[in-house]
Amino acid sequence: MNAKLQYELSADDLAVVLALIRSGHLAGAGERLGVDASTVFRAIRRIERGLGQRLFERSRAGYAASELAQSLGEHAEQLEGQLELARSLVQSAPERISGLVRITSTDTILHGLIAPSLKALQSTHPLLSFELHAGNELASLTRRDADIAVRATRRPPPHLVGKHVGPIRVALFAAKKGKVRRYQDVVAGKAEWIAPDDALPEHPSVIWRKRHFPKASPRYRVSSILTVMELVAAGLGVGVLPVFLAQSRTDLIQLSDILDDGQTELWLLTHPESRHLRRVSAVFRHLSETLSL
């Protein structure tokens with residue numbers, strides 16, 4: 001590529017580069033920018049021709065950013081933050097806070113804690129919209145795949161900032177109308193087990209079961225704790241569940257005391273630069289005040 005000496009990057013150019021870095025795909029970048037994939041493709045080609053350097057390596061897996069693109073993306077993030085701060089100056093009333101906030105968590109925490117908390121936020125900030133991602137993998141806050149993460153972990157990543165919400169206490173549960181009524185029945189081997197599958201090999205409930213019931217082989221292996229709860233409630237077996245999730249269910253009974261060695265911690269996390277964005281800080285503050293275990 002031959003560089004054009006007079007080419008000057010614009011804020012729009014940086015926004016395109018940043019969108020493609022975050023998504024890794026033309027279609028995803030287009031969704032972030034509100035344009036179609038072909039428009040993103042043409043913009044990247046134009047920028048690369050102007051700079052005389054390739055910014056992305058194309059492959060079947062998507063678009064991998066070069067070192068130069070990563071540097072441009074960092075500047076774009078700084079510009080994004082400054083623009084957000086500038087916009088906040090003209091939004092004096094709290095109800096004027098608007099925009100999209102992306103939150104990532106597990107389905108258990110999303111259904112049991114986040115959704116009820118966000119319902120109360122609707123009346124305070126009606127112009128906010130949300131993109132909620134439920135999965136066991138931690139979406140990258142560094143690449144801004146999400147603005148806020150609510151995660152169960154004993155050791156949150158050191159490059160993120162956040163608040164410790166509290167301990168996630170767990171216990172062994174069974175169906176209220178099921179055949180298993182006592183913990184002793186489980187010890188005697190009279191209960192079928194429902195447990196997370198290989199997608200959650202290090203889950204505290206898995207570690208606890210293997211430590212205390214090493215010979216127990218789960219009859220049902222599922223991909224989420226929420227599914228464990230529903231199968232337990234259906235009478236298919238026993239399972240270790242978060243107390244905050246199960247305590248409101250009338251179709252479950254608690255068989256054990258709190259399992260101290262199955263406990264983990266809940267953290268509310270964000271990127272250091274994201275916390276200064278008014279829309280993100282408003283949601284982060286609300287969640288920090290309302291999430292309760």
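Residue indices follow the written sequence of each chain, beginning from 1 at its first position. In keeping with the model being predicted, local features are shown solely for residues with a pLDDT of at least 70 and side-chain atom pairs are shown and tallied solely at 80 or more, while totals for entire chains, interfaces and linings include all residues. No hydrogens and no water enter the side-chain calculation; it runs on all heavy atoms of the structure.

**Points about the sheet that holds strand β10 (residues 239-242)**
Turning to step 1, where the next piece is worked out: Taking strand neighbours across the sheet as the criterion, the 3 strands line up as β10-β7-β11 in an open arrangement whose pairing is antiparallel. Two strands bound the open sheet, and with one partner strand each, they are β10 and β11 (252-254). In this sheet, neighbouring strand axes are inclined to one another by 50° on average, regardless of whether the strands run parallel or antiparallel.
Turning to step 2, where the next piece is worked out: Relative to β10, strand β7 (residues 170-175) runs antiparallel, the two being bridged by 4 bridges. By the bridge assignment, A171 is partnered in β10 with L241. Following DSSP output, two strands are said to pair if at least two bridges run between them. Here a helix means four or more residues in a row that DSSP labels H or I, a strand means two or more in a row labelled E, and each is numbered from the N terminus. To get an axis, a line is fitted to the C-alpha atoms, and for a helix only the part in contact is used. The angle between two axes follows their N-to-C directions and goes from 0 to 180 degrees.

**Comments concerning helix α7 (residues 204-212)**
Turning to step 1, where the next piece is worked out: Here the term buried applies to any residue with accessible area under 20% of the maximum for its type, exposed to any over 50%, and partly exposed to those in between, with areas from a 1.4 Å probe on protein chains only. Along α7, the positions that sit buried rather than exposed are P204, S205, V206, W208 and R209.
Turning to step 2, where the next piece is worked out: Close packing links the buried residues of α7 with α6 (183-187), β8 (194-196), α8 (225-233), β10 and β12 (264-270). Between two residues, a contact is recorded if the distance between any of their heavy atoms is within 4.5 Å.

**Description of the sheet that holds strand β4 (residues 128-134)**
Turning to step 1, where the next piece is worked out: Read from one edge of the open sheet, 5 strands run β4-β3-β5-β12-β6, paired in mixed fashion. Strands with a single pairing partner mark the edges of an open sheet, and in this sheet they are β4 and β6 (161-168). Sheet twist, expressed as the average angle between the axes of neighbouring strands with direction ignored, equals 15°.
Turning to step 2, where the next piece is worked out: Sheet topology note: the strand β3 (residues 99-105)/β4 ladder contains 7 bridges and is parallel. Bridging across to β4, L100 finds its partner in S129.
Turning to step 3, where the next piece is worked out: Lying over the sheet, helix α10 (residues 278-290) contacts β3, β4, β5 (148-152), β6 and β12, oriented at roughly 45° with respect to β3.

**Examining the nonpolar core**
Turning to step 1, where the next piece is worked out: Judged by nonpolar contacts, the single largest core of 38 residues is most densely connected at I103, I148, V150, L241, L252, V283 and L287.
Turning to step 2, where the next piece is worked out: For this core, the elements supplying multiple residues, two or more each, are β3, α5 (107-124), β5, β7, α8, α9 (243-246), β12 and α10.
Turning to step 3, where the next piece is worked out: Once residues within four sequence positions are removed from consideration, V150 is found in contact with I103, T104, S105, T106, I109, I114, L266, W267, L268 and L291.
Turning to step 4, where the next piece is worked out: By nonpolar core we mean a set of buried residues, namely Ala, Val, Leu, Ile, Met, Phe, Trp, Tyr and Cys, connected to one another through side-chain atoms within 4.5 Å. Of all hydrophobic cores here, the second largest spans 19 residues; its members include L18, V40, I44 and A69.

**Let's talk about the packing of helix α2 (residues 26-33) against helix α3 (residues 37-51)**
Turning to step 1, where the next piece is worked out: For the pair α2 and α3, interaxial distance at closest approach is 8 Å and the crossing angle is 100°. With respect to α3, the element α2 is oriented roughly perpendicular. Of α3, the residues touching α2 (which contributes L26, A27, A29, G30 and L33) are A37, V40 and F41. Throughout this description, any angle smaller than 35 degrees is read as roughly parallel, any larger than 145 degrees as roughly antiparallel, any in the 65 to 115 degree range as roughly perpendicular, and the remainder as oblique.

**With respect to the packing of aromatic side chains**
Each aromatic ring pair is specified by the distance between its two centres and by the angle formed by the two planes.
Turning to step 1, where the next piece is worked out: The criterion for an aromatic pair is that two Phe, Tyr or Trp rings (for Trp, the six-membered ring) have centres within 6.5 Å, with stacked assigned to planes under 30 degrees apart, edge-to-face to planes over 60 apart and tilted to the rest. All told, the structure shown has 5 aromatic pairs when counted by the stated rule.
Turning to step 2, where the next piece is worked out: Arranged with centres 6.3 Å apart and planes meeting at 65°, the rings of F56 and Y63 form a pair that is edge-to-face.
Turning to step 3, where the next piece is worked out: Both rings, one in Y183 and one in F213, keep their centres 6.2 Å apart while their planes meet at 75°; by these two values the pair is edge-to-face. Of this pair, Y183 sits in helix α6 while F213 sits in the loop between α7 and β9 (220-222), and the two are 30 residues apart along the sequence.
Turning to step 4, where the next piece is worked out: Look at F213 and you get buried, because its relative accessible area is 11%.

**Quick notes on the environment of L252**
Turning to step 1, where the next piece is worked out: Looking at the element boundaries, L252 is found in strand β11.
Turning to step 2, where the next piece is worked out: Sequence-wise, L252 and R275 are 23 residues apart; in three dimensions their C-alpha atoms are separated by 39 Å.
Turning to step 3, where the next piece is worked out: Each residue touching L252, except ones within four places of it in the same chain, is listed here: F173, A174, K176, M229, V232, A233, L241 and A246.

**Some remarks on the packing of α5 against α10**
Turning to step 1, where the next piece is worked out: It is the contact of α5 with α10, at a shortest axis distance of 10 Å, that shows an interaxial angle of 125°. Judged by the angle between their axes, α5 and α10 are oblique. α5 and α10 meet at a crossing whose hand is right-handed. When α5 is examined against α10, the residues S117, L118, A120 and L121 are found in contact with a partner set consisting of V283, H286, L287 and T290.
Turning to step 2, where the next piece is worked out: Taken together, the residues that form the contact of α5 with α10 break down as 5 nonpolar, 3 polar and no charged. By definition, any crossing whose near helix is turned counterclockwise from its far helix by less than a right angle is left-handed, and any crossing with a clockwise turn is right-handed. All amino acids are sorted into three groups, where Ala, Val, Leu, Ile, Met, Phe, Trp, Tyr, Cys and Pro are nonpolar, Asp, Glu, Lys and Arg are charged, and the leftover types, Gly among them, are polar.

**What to know about empty space enclosed by the protein**
Turning to step 1, where the next piece is worked out: A 1.4 Å probe that fits but cannot get out identifies a cavity on a 1 Å grid over protein atoms alone, an open set with protein on both sides within 12 Å along at least five of seven lines counts as a pocket, and a residue lines either if it has an atom within 4 Å of a point. Grid points are joined across faces, edges and corners, and a volume is the space filled by probe spheres set on the points. Within the structure shown, the criterion is met by 1 cavity of 30 Å³ or more.
Turning to step 2, where the next piece is worked out: Of the volumes computed, that of the largest cavity is approximately 60 Å³.
Turning to step 3, where the next piece is worked out: Together, W193, I194, A195, P196, S205, V206, R209, V228, G239 and V240 line the largest cavity.
Turning to step 4, where the next piece is worked out: Of all the elements in the fold, those that place two or more residues in the lining of the largest cavity are β8, α7 and β10.
Turning to step 5, where the next piece is worked out: By residue class, the composition of the lining of the largest cavity is 7 nonpolar, 2 polar and 1 charged.

Treat this as a map of the structure, not an account of what it does.
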